[in-house]
2 protein chains.
Amino acid sequence: MAINLARLEQFKLDRVLNEDPLSHSISVLGTIPGRDQEDKRIPAIVQVTKTPITAEEIKDIQDVFGELEVIGQNDVYHWVLGWLGGGRSPDVKITIVENATEAHIRKFTKQSWTMVRESPQLYAEVVKPHISAFPPSRLQWVYNILSHESEADRILFEDPSPTEGFIILPDLKWDGVTMSMFYIQAIVNTRDIHSLRDIRKQHLPDASKYS
Amino acid sequence: MAINLARLEQFKLDRVLNEDPLSHSISVLGTIPGRDQEDKRIPAIVQVTKTPITAEEIKDIQDVFGELEVIGQNDVYHWVLGWLGGGRSPDVKITIVENATEAHIRKFTKQSWTMVRESPQLYAEVVKPHISAFPPSRLQWVYNILSHESEADRILFEDPSPTEGFIILPDLKWDGVTMSMFYIQAIVNTRDIHSLRDIRKQHLPDASKYS
């Protein structure tokens, strides 16, 4: 592993990028010691998300909580704060982006959303140039998967054909446990599909191949 | 406090009503010992929600985590699971509904949502009869607040006028800490306002009263 926890523990906070109480997640920008030069600090984004809670975890309240504190009561309603006890599943999932660029920072910063109906003209004049301008470095994680340099032990299925082939593996955003958030991805070997709009008849494999 | 933690700890799970990984919350139906007769078990809903995470909590990673475990890495991205250390804020907020009725169970059960444009006819034929059919027991928590029987120590502002008066206090759904989820409610003394549609000119107080 290229990150060691000692480096993460030396994270210094600069500013909060996004604090989202609904998704129980927070993203902050700061610095960690460099990968090779420990005395040089590099920018890093740290996103911390509380893990979901499962039925399995609370089926026996007595064994689950180390501490409980009643905070309010009204009629049949009661409110209690709880601290989970030892032996519990992880409290948080942390995503770290080292050498964070402006593009990474934008991606993790709180943003408002707009719905756009994409016309052929909009696609040609705005979307396609935007996709073409992507620096290859931002897709390095995709090529790492295709070349088996990263996450090779996580591959669920692979068809190695350079034209029709693909790899199926769990997305690292998924915690690998919570089935209600199950999230796997398929990554194709061909590099001529940049979005749904690039899909042609020739990309459809002979389905009988997998039956 | 009418609930003691010993009763909560004897909760026995019957079934899961709703498991929502996005809001980090789970609602289950089960039984707890009765308030007065400990040998008689009564139905209870327990909703457990992970607390949000704040910038304050993770500003110094070294002191925050008791344990960290790297689960994956690809290019500049790293994924880590973390267990928070001692002295942390509560892990979960728990809401308990004792003597849970069918109506409570429906309210806490996973449901699909539908958007309806309410016409005057729909209001008269469906909504108003529905509101009128509410058993007074379901509003007991409101009357408890107005009579100072419950949550009196939490009142932020009160105008005691029986016609124009109201009480402002934090909703118990709010954890009282996370300002980005700040949630207070105003409850009016008059009992002739059942929804926005019942508001008349006479309900508007002289605003200069509060300036």
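All values reported here derive from a predicted model rather than from experimental measurement.

## Let's talk about the overall build of chain A
- Assigned secondary structure in chain A consists of six helices and nine strands.
- For the C-alpha atoms alone, the extent of chain A along its principal axes is close to 65 × 50 × 40 Å.
- For chain A, the residues scored as buried account for 41% of the 211 residues in total.
- For chain A, long-range pairs separated by at least 24 residues make up 43% of all intrachain contacts whose partners lie at least 6 apart in sequence.
- Entry remark: accessible area of chain A is about 12,400 Å², with carbon and sulfur atoms responsible for 55%.
- Distance between charge centres in chain A, computed from 23 positive and 30 negative side chains, equals 8 Å.

## Some remarks on the sheet that holds strand β6 (residues 92–98) of chain A
- The six strands lie next to each other as β1(A)-β2(A)-β3(A)-β6(A)-β5(B)-β4(B), forming an open sheet whose pairing is antiparallel. Every interior strand has two partners, whereas the edge strands, β1 (12–20) of chain A together with β4 (65–74) of chain B, have only one. Averaged over all adjacent pairs, the angle separating strand axes in this sheet is 25°, with direction ignored.

## Some words on the relation of the copies chain B and chain A
- Between the two copies, chain B and chain A, the superposition gives an RMSD of 0.0 Å; the rotation angle is 180° and the shift along the axis is 0.0 Å. In short, the pair behaves as if placed about a two-fold rotation axis. Residue serine 23 of chain B, judged by its C-alpha, is the member of chain B lying nearest the rotation axis, at 3.0 Å.
- With an isologous cut-off of 70% or more, the 100% of interface residues of chain B that recur at the interface of chain A puts this contact in the isologous class.

## A look at the sheet that holds strand β1 (residues 12–20) of chain B
- Spatially, six strands are ordered β4(A)-β5(A)-β6(B)-β3(B)-β2(B)-β1(B) in an open sheet, and the strand pairing comes out antiparallel. Either end of the sheet is taken by a strand with one partner, and the two such strands are β4 (65–74) of chain A together with β1 of chain B. Along the sheet, successive strands turn relative to each other by an average axial angle of 25°, direction set aside.
- With nine bridges connecting them, strand β2 (residues 25–33) of chain B and strand β3 (residues 41–50) of chain B associate as antiparallel partners. Bridge pairing in β3 of chain B places threonine 31 of chain B opposite proline 43 of chain B.

## Quick word on the side chain of serine 150 of chain A
- Position of serine 150 of chain A among the secondary structure elements: in the loop between α6 (140–146) and β7 (157–159).
- Take serine 150 of chain A: its relative accessible area is 10%, and that puts it in the buried class.
- Sequence-distant contacts of serine 150 of chain A, defined by excluding residues within four places in its chain, comprise Asn144 and Ile145 of chain A together with Gln73, Asn74 and Asp75 of chain B.

## A short note on unusual backbone geometry
Residue and element names in this part refer to chain B.
- Positive phi is not limited to glycine here, since histidine 24 has a value of about 55°.
- Even without glycine at this site, glutamate 151 takes up a positive phi of about 60°.
- Here glutamate 151 shows up in the loop between α6 (140–146) and β7 (157–159).

## Thoughts on the interface of chain B and chain A
- Of the residues lining the interface, 74 residues belong to chain B; the matching set on chain A comes to 74 residues.
- With both sides pooled, the region where chain B packs onto chain A buries about 7,400 Å², and carbon together with sulfur makes up 64% of that total.
- Our count for the contact surface shared by chain B and chain A stands at zero salt bridges.
- Considered class by class, the residues forming the side of chain B that touches chain A number 39 nonpolar, 22 polar and 13 charged.
- Both β6 of chain A and strand β5 (residues 77–84) of chain B contribute to a ladder of six bridges, which runs antiparallel. Counterpart to lysine 93 of chain A in the pairing with β5 of chain B is leucine 81 of chain B.

## Observations regarding the domain arrangement of chain A
- Considered domain by domain, chain A is made up of domain 1 (1–51 + 90–110), domain 2 (55–87) and domain 3 (138–209).
- Summarising the inter-unit geometry, the C-alpha centres of domain 1 of chain A and domain 2 of chain A are found 31 Å apart.

## A closer look at the environment of alanine 100 of chain B
- Its location among the elements puts alanine 100 of chain B in the loop between β6 (92–98) and α4 (102–108).
- Once residues lying within four places of it in the same chain are set aside, the contact partners of alanine 100 of chain B are Pro43, Ala44 and Ile45 of chain B.

## Here's the deal with the packing of aromatic side chains
- For the structure shown, the criterion picks out six aromatic pairs over all chains.
- Taken together, a centroid distance of 5.7 Å and an interplanar angle of 40° make the contact between phenylalanine 157 of chain A and phenylalanine 166 of chain A tilted.
- Assessed through its relative accessible area of 35%, phenylalanine 157 of chain A is described here as partly exposed.
- The class for phenylalanine 166 of chain A is buried, based on a relative accessible area of 17%.
- If you follow arginine 191 of chain A out to its NZ or CZ, it ends over the ring of tyrosine 143 of chain A, 3.7 Å from the centre.
- One cation-aromatic arrangement involves arginine 197 of chain B over tyrosine 123 of chain B; the distance from NZ or CZ to the ring centre is 5.4 Å.

## A few points about the environment of aspartate 159 of chain B
Residues and elements named next belong to chain B.
- Examined against the element boundaries, aspartate 159 turns out to sit in strand β7.
- Each C-alpha atom, one on aspartate 159 and one on isoleucine 42, is 38 Å from the other, the two residues being 117 residues apart in sequence.
- A polar contact of 3.0 Å, which involves the side chain of aspartate 159, links it to the backbone nitrogen of serine 161.

## Describing the pattern of salt bridges
Residue and element names in this part refer to chain A.
- Within the structure shown, the criterion is met by ten salt bridges over all chains.
- For arginine 35, the salt bridge is made with glutamate 98, and the minimal N-O distance between the two is 2.3 Å. In this pair, arginine 35 sits in the loop between β2 (25–33) and β3 (41–50) while glutamate 98 sits in strand β6, placing the two residues 63 residues apart along the sequence.
- Accessibility expressed as a relative area gives 39% for arginine 35, which makes it partly exposed.

## With respect to the confidence of the model for chain A
- Looking at chain A, the pLDDT average stands at 87 and 95% of residues meet or exceed 70.
- Across the predicted assembly, pTM comes out at 0.76 and ipTM at 0.78.

Rules behind the numbers
Residues numbered from 1 in each chain as written. Chains lettered and ligands numbered in written order. Predicted model: local features only at pLDDT ≥ 70, side-chain atom pairs only at ≥ 80, totals over all residues. Heavy atoms only, no water. Helix = DSSP H or I, 4+ residues; strand = E, 2+ residues; numbered from the N terminus. Buried < 20%, exposed > 50% of the residue type's maximum accessible area, 1.4 Å probe, protein only. Contact = heavy atoms within 4.5 Å. Areas by Shrake-Rupley, 256 points an atom, 1.4 Å probe, with all protein chains shown as cover. Lys, Arg positive; Asp, Glu negative; His and termini not counted. Charge placed at Lys NZ, Arg CZ, Asp CG, Glu CD. Pairing = 2+ DSSP bridges. Axes fitted to C-alpha atoms, helices over the stretch in contact; angles between N-to-C directions. Least-squares fit on C-alpha atoms with pLDDT ≥ 70 in both. Buried area = accessible area lost by both parts, 1.4 Å probe. Salt bridge = Lys/Arg side-chain N within 4 Å of Asp/Glu carboxyl O. Nonpolar A, V, L, I, M, F, W, Y, C, P; charged D, E, K, R; others polar. Domains from an automatic or database assignment. Phe/Tyr/Trp six-rings, centres within 6.5 Å; stacked < 30°, edge-to-face > 60°. Lys NZ or Arg CZ within 6 Å of the ring centre and 35° of its normal. Polar contact = N/O pair within 3.5 Å; in protein donor to acceptor, adjacent residues only side chain to side chain. pLDDT = per-residue confidence, 0-100.

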